[in-house]
Structures are given as structure tokens and as C-alpha cells.
Amino acid sequence: MTPRPAPAPGRTSRCRPVWRGATEAVQITRAALDNRRARQDPHISALLHARLAIGQARATDRTGAARSLLAAEQAYDRVNPTAPAPAWLAFLSPAELSGLAAITHQALGQYDRAEASTAQALELLPPSMRRSHTYYSVQLAELQLSQGKRDQAKATVTTLDASSLASRRIANRLAAVRRTLTA
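Worth saying up front: this structure is predicted, and the values here are computed from it rather than measured. Per chain, residues are indexed from 1 in the order of the written sequence. A pLDDT threshold of at least 70 governs which residues receive local features in this predicted model, and a stricter bar of 80 or more applies before side-chain atom pairs are shown or counted, although totals over entire chains, interfaces and linings include all residues. Only heavy atoms go into the side-chain values, all of them from the structure, while hydrogens and water stay out.

## Quick notes on the packing of helix α3 (residues 42-58) against helix α5 (residues 94-107)
So, step 1. Two numbers describe how α3 lies on α5: the axes approach to 8 Å, and their chain directions differ by 15°. Classified by the interaxial angle, the pair formed by α3 and α5 is roughly parallel. The element α3 and its partner α5 pack so that their crossing is left-handed. From α3, Ala46, Leu47, Ala50, Arg51, Ala53, Ile54, Ala57 and Arg58 reach across to α5, where they touch Leu97, Leu100, Ile103, Thr104 and Ala107.
So, step 2. We call Asp, Glu, Lys and Arg charged. Ala, Val, Leu, Ile, Met, Phe, Trp, Tyr, Cys and Pro are nonpolar, and the rest, Gly among them, are polar. Taken together, the residues of the contact of α3 with α5 sort by class into 10 nonpolar, 1 polar and 2 charged. With axes taken as lines fitted to C-alpha atoms, and helix axes fitted only over the stretch in contact, angles between N-to-C directions fall between 0 and 180 degrees. Only DSSP runs of H or I reaching four residues or more are called helices, and only runs of E reaching two or more are called strands; each is numbered from the N terminus. Working definition: roughly parallel below 35 degrees, roughly antiparallel above 145 degrees, roughly perpendicular at 65 to 115 degrees, and oblique for all remaining angles. Take the far helix as your reference; a near helix turned counterclockwise from it by less than a right angle gives a left-handed crossing, and one turned clockwise gives a right-handed crossing. Contacts are assigned to residue pairs that have any heavy atoms within 4.5 Å of one another.

## Notes on the confidence of the model for the protein chain
So, step 1. Within a predicted model, pLDDT stands for the predictor's per-residue confidence, ranging from 0 to 100. Taken residue by residue, the protein chain gives an average pLDDT of 85. The fraction at 70 or more is 79%.
So, step 2. For the protein chain, per-element mean pLDDT is lowest for helix α1 (residues 16-33), which scores 61, and highest for helix α6 (residues 111-124), which scores 97.
So, step 3. Within the model, pLDDT remains below 50 along residues 1-6, and this stretch shows 13 contacts once partners closer than five positions in the same chain are excluded.
So, step 4. Note that residues 9-19 has pLDDT below 50 and, in this model, 12 contacts with residues that lie over four places away or in other chains.

Below is the structure:
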């Protein structure tokens, strides 16, 4: 069994229960994918395969994670751009799939690939999605720090304003990055 990667800066031991639940999450997601509607609707299939990849990565199944990321991309390629997604899946976009791929790569300790996927997510996000932009910017800075790229991480978070964040979790992660940068 491959050892788990160290958490990124700003991550705490609160994340550890996720590791224990990775196998269960994989089983639940596979069960959901067995549903006919999930297989037929490319939106649902793409999301489930991307989430499955994260679970497999956290369970240190590199091959399964890679297969699931590919399946997510292939499912999303089947999306009809003129047909609207179900309302509860309106958030699913190429940017979101890139972000989920980044989480998968990070869980596998592939920080360079995670950084590239996060940067891609940021490029694909529309300007109106400010919360997602902040989330992925903080994630990008964490990944840059984990690779020793302090100057890039500093440049990444320089323009972010924590006072306007509605999410305490993202604000705390940003504060942790800034503390690491000033240490």
C-alpha cells in the first residue's frame, strides 16, 4: 500500500477521517454509477466519476483514479451543450471538472499535476464565480507552497481579500497560507 501524502499547508488532522472513509465513499459512488440514469445522463456520470476518482485517490488506488478521471472527461464530452443540465448540476463545468481532477492529483501526491489542473480551473471559471475563484486560488497557493514555490504562492494570494469571504473554511485556509508565507 502506498503511503498517504502529507496534507497541504493549512490542512489539519481534521481531514484524517476522510482517509478512513475513502473505501466507503468509493463503494457508494460505484453503487450510484450502477443506476441506469447515472450511466445515461452525462452530467451525472461525469460528476460521479470525478468524485469516484477522488475517493480512489484517497484510498491510494492510482490506476482506478486515473481511469475514473478519464471516464469523467469522456462522460462530459457527451454533454449536449444545447440541452440544459439538471438545476442541481448547473455548477458542473469544465472548470469544476478540472478542480476535481486537481483534488484527485493532490490526494495522490502529484502536486505538479494538481497545480496545473487548478490553474486550468481558474482559467476556465467565469468572472462571476468569485467564491470558486477564491477557493481555487487558495488551493493553487497551497499546492505551490507544497512544492516550495513561495514566490508564486505569494503572487497567487496577493490579490485575494479575506474580508469579503463568506466561507470561514476558505478564509481559514487563506490565513494559513499567509502565515506560512510570513514565517
